Amino acid sequence: MYQDARVWHDQVSLGSDEVATQYDKVRAIFDILNGKREADLLLKNLNILDVHSENVYKGSILVYDKRIVALNPDEAVIKVREVFDGEGLYAIPGLIDAHIHFDAQLAHPAAFAEAIVPCGTTTIFTETLDLVSAAGAEGPQALQALFKDYERLPYRVYAFAPGKKTSIEATEAILKMDPVIGLGELGHLTYSVGNDDDFRKAAMGRVKGGPMNSHWGVTALSDMMLNYLPAIGSSFNHDVWTEDDIERSIRYGFPTQIKFGVGSPEVIKIMLRAIVKRRWPTENFLLCSDNISVKRLQTLGHMDWVVSQCAEMGINPIHAIKMATLYTARLYHMDTQFGSLTPGKFADVVLTDSLAKIDPRYVFKDGELVAKNRQLVKHADIDYSGMVKPPVPGLADLAPQQLDLEPLEVSADGKQAKVYLFDVYGRGHEKFFQEVWVPYENGQVVPRLGGVELNRIAVVQRYAKGQRHIVNGLFKGVSIARGAVATCWPAPTAYFVAVGRDSAEMHACLKQVDAKTGGCIVTENQQAKATLTLDIYGVIANTTLSELTAATRAIDVALEELGNRNEGEPVANKLLTLFISLHRFGFMH
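Our subject in this report is the structure included herewith. (Residues numbered from 1 in each chain as written. Predicted model: local features only at pLDDT ≥ 70, side-chain atom pairs only at ≥ 80, totals over all residues. Heavy atoms only, no water.)

Before going further, it helps to examine the overall build of the chain. Along its length, the chain carries 18 helices and 28 strands. For 589 residues, the compact-globule estimate of 2.2 N^0.38 gives 25 Å, and the C-alpha radius of gyration of the chain, at 25 Å, lies within 12% of that figure. The principal-axis extent of the C-alpha atoms belonging to the chain is close to 90 × 50 × 50 Å. The 589 residues of the chain split such that 56% are buried. Looking at the chain alone, contacts between residues at least 24 apart form 67% of all its contacts between residues at least 6 apart. Of the accessible surface of the chain, which amounts to about 23,800 Å², a share of 48% is contributed by carbon and sulfur atoms. Side-chain charges of the chain comprise 60 positive and 71 negative groups, with the mean position of each set lying 1 Å from the other. (Helix = DSSP H or I, 4+ residues; strand = E, 2+ residues; numbered from the N terminus. Rg over C-alpha atoms; globule rule 2.2 N^0.38 Å. Buried < 20%, exposed > 50% of the residue type's maximum accessible area, 1.4 Å probe, protein only. Contact = heavy atoms within 4.5 Å. Areas by Shrake-Rupley, 256 points an atom, 1.4 Å probe, with all protein chains shown as cover. Lys, Arg positive; Asp, Glu negative; His and termini not counted. Charge placed at Lys NZ, Arg CZ, Asp CG, Glu CD.)

Here you go:
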C-alpha cells in the first residue's frame, strides 16, 4: 500500500490478472469520456476549490468507480446514472485528520463515524497503541477484530503499529496488517535513555518503509537528543505547545501536526497565533485532533472546526483547507489518492456554503453521499460484541485507609506538609504535577492550597504483584463537596484514579469500577449515581454514539449535583487523559 514505485515495478508481471483488471478500468474511463459507457455520478452546479492554483471556479465533477474521472465534462456527450445538484455550494476535498487515537475516543469505529463524518472528515490517520496495550497478549487479534470491516466504514482509515506501550512481537505482527502503513508514536522519554525495545521497533518501522510518528519532546530532551528522532527518519511531530516549539520543529525538518484535542481549546489558538505572527509557510503543517471526546466533536466539530479556527486566527482560508487536505495527503505521500478534486483522486468531496467557516452540507466518500446537514446517512452496521470482555477485578484486598493522604515531608515546625498536586490541565509545556506545601493540623493533611479547598486523588494499581502501588495527592480539575468519581484505564498497565474528599467513599467508588471491565462511576453515600461502561477491553464502549454521549453526560450531571462545575471536555474524558501523563511521569509501574 505504501511502497516505493521501484519496488512496485519489480513485483508486477505483465501477464498477471491484475493487469487485466486494470486494462478494464482504463478502457472503461476512456469509454465514459466518449459517451459509450455510463458514469456513476455527476456533481453539478458547484464552486470548486482548486487547491493547486488556489482558485475557485464554477464547474462539475464526474465520478466512476469511486474516483473522479472528469472535471466539467460535456453533458451533451456523457451518460451518467445519477446527477446531484450542488446548489452553488463550494466543493472542497474531503477533510483529513492527520493524527488521532480513534481507539481511545471510547466509541467503536462505526459509532465514531457518526461523530466525524458529518463534520466533513473522510480520512483519518490513526494510532492503535491504546487498544493493543489494553488487550495485552491478545493485542494483535483485538486490533484485527476492530479492523475486520474497516472498508465498510464511511471514512477512510490508515493506521500505525504501536511504537510504544506494547511488546516487540505485537508491533511486528501489526506492521503486517492492513490498513497499517507505518510505525506509530515513538516516545521521546524512553528513546533518550537508549531503550533497546524502542530501537528494535524503530528498525522494524524503517523496514516497513512507511511513515513513523513521534513525540519529539522539545520540553523534555537535551539539544543533542533532539536530533535523534529526525535522524532516524521519524516523519511527523505532534508535540508542540508554544511558538518556540514550532520554530524548532520545522527547523529540524518535521512536518508539524497542529492539534486541538488535548486540553483547552486555547492551546490550538496559541499555536495558530504563532504561525500567523511568524508567517511560517503553511505547507509545514498538518491539522489533527489527537485525543478528543465525541461530545466535543458533536458540539464544536472536527476538522471543519479546526480549519475554521485557522481562518478565524488569520490564516488564509484556502491555506487552512490545504492544511487539512492537500498538504496532509502530500506529506503522507498519498496525494495521488486524495487531497484535491482532480481526475484520478478518490471522490471524497465536501459541499459547504463558506470557505472561511466550514459548514458541511453534504459529504461524499468514494462518490457516495455519506452525510447530509450534519447527520450521517450511510451507517456501517458492524457488530463489535465479540470484542466485549468480562471484568477481572483486582482490588479485593484494598482497604480505605490506603487512600489516606500522607505527607511526603513535614516541615520543621510541624505545621505544614508536602504533598503531590496533580492538575488535569497541566500537560505539555505546563507542569502536570508539583510538590506543594499545605497546612498540617493534628497529624492530618489539610487539603487546602492558597485558601482554596481541593479534592484528593488516589492513583491505584489494579493488579498488584506484591505490594500494591498507590499514589495519593491533591487534585485540580474536579471539585465536589461530597461523593466520589473513579475511572480505570488498562494501557499500558491497569490503573485507577479516584477523586473525592473521603477515603471510604473513594474506596467504595473504586470497588464498583473494579467490578467492570472498565469505565467511570460517580457515587454518593457509596451508591452509584451515574455509570459509564467500557466493556471492549476496558477502552471502548459497545454502544451507539447516542448511548455513549448520554452516559458521559450523566457522569457530568451527577458531579454537578455534588458541586462540580465542568467546562470543556466531559469529566470522564478529562480523567482518562490523566493516564497519559501519569505514565509519562512515572506514576504507573
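Still more to cover.
Interhelical geometry of helix H10 (residues 243–251) versus helix H11 (residues 266–278) gives an angle of 65° and a closest axis separation of 9 Å. Seen along the crossing, H10 lies across H11 with a hand that is right-handed. From H10, Glu243, Ile246 and Glu247 reach across to H11, where they touch Met271, Ala274, Lys277 and Arg278. Across the contact of H10 with H11, the residue classes tally to three nonpolar, no polar and four charged. (Axes fitted to C-alpha atoms, helices over the stretch in contact; angles between N-to-C directions. Left-handed = near helix turned anticlockwise from the far one by under 90°. Nonpolar A, V, L, I, M, F, W, Y, C, P; charged D, E, K, R; others polar.)

Glancing now at the side chain of asparagine 455. Structurally, asparagine 455 can be placed in strand E23 (residues 455–461). Overall, asparagine 455 belongs to the buried group, its relative accessible area being 0%. The contact partners of asparagine 455, leaving out residues within four places of it in the chain, are Gly473, Leu474, Phe475, Val478, Ser479, Ile480, Val499, Gly500 and Arg501.

Bridging between strand E1 (residues 38–50) and strand E2 (residues 55–64) involves eight bridges; their strand directions are antiparallel. For leucine 42, the partnering residue across the bridge sits in E2 and is leucine 62. Here E1 folds back onto E2, and the loop between the two strands holds four residues, one of which, glutamate 54, carries a positive phi near 60°. Here E2 pairs with strand E3 (residues 67–71) via four bridges, running antiparallel. (Pairing = 2+ DSSP bridges.)

Applying the stated criterion across every chain yields a total of 33 salt bridges. Between arginine 374 and aspartate 304 there is a salt bridge, with the nearest N and O atoms lying 2.7 Å from each other. Residue arginine 374 is found in the loop between strand E15 (368–372) and strand E16 (375–376), and its partner aspartate 304 is found in helix H13 (residues 303–312); the two are separated by 70 residues along the sequence. Taking relative accessible area as the criterion, aspartate 304 reaches 1% and is therefore assigned buried. The shortest N-O distance in the salt bridge between arginine 482 and glutamate 524 comes to 2.6 Å. Of the two residues, arginine 482 is situated in the loop between strand E24 (470–476) and strand E25 (484–489) and glutamate 524 in strand E27 (residues 519–524); the sequence distance between them amounts to 42 residues. The exposure class of arginine 482 is partly exposed, given its relative accessible area of 40%. Beyond isolated ion pairs, a larger network of salt bridges with shared partners links Glu243, Glu247, Arg251, Lys277 and Arg278. (Salt bridge = Lys/Arg side-chain N within 4 Å of Asp/Glu carboxyl O.)

Applying the stated criterion across every chain, the model contains 22 aromatic pairs. A centroid spacing of 4.9 Å and a plane angle of 80° characterise the contact between phenylalanine 433 and phenylalanine 587, whose relative ring orientation is edge-to-face. With phenylalanine 433 in strand E19 (residues 433–441) and phenylalanine 587 in the segment after helix H18 (571–584), this pair connects stretches of sequence that are 154 residues apart. Here phenylalanine 433 falls in the buried class, since its relative accessible area comes to 19%. Of the residues examined, phenylalanine 587 reaches a relative accessible area of 7% and is grouped as buried. Residue placement shows arginine 67 over the ring face of phenylalanine 346; its charged tip is 3.9 Å from the ring centre. The positively charged end of arginine 156 is found above the aromatic ring belonging to phenylalanine 346, 3.9 Å away from the centroid. (Phe/Tyr/Trp six-rings, centres within 6.5 Å; stacked < 30°, edge-to-face > 60°. Lys NZ or Arg CZ within 6 Å of the ring centre and 35° of its normal.)

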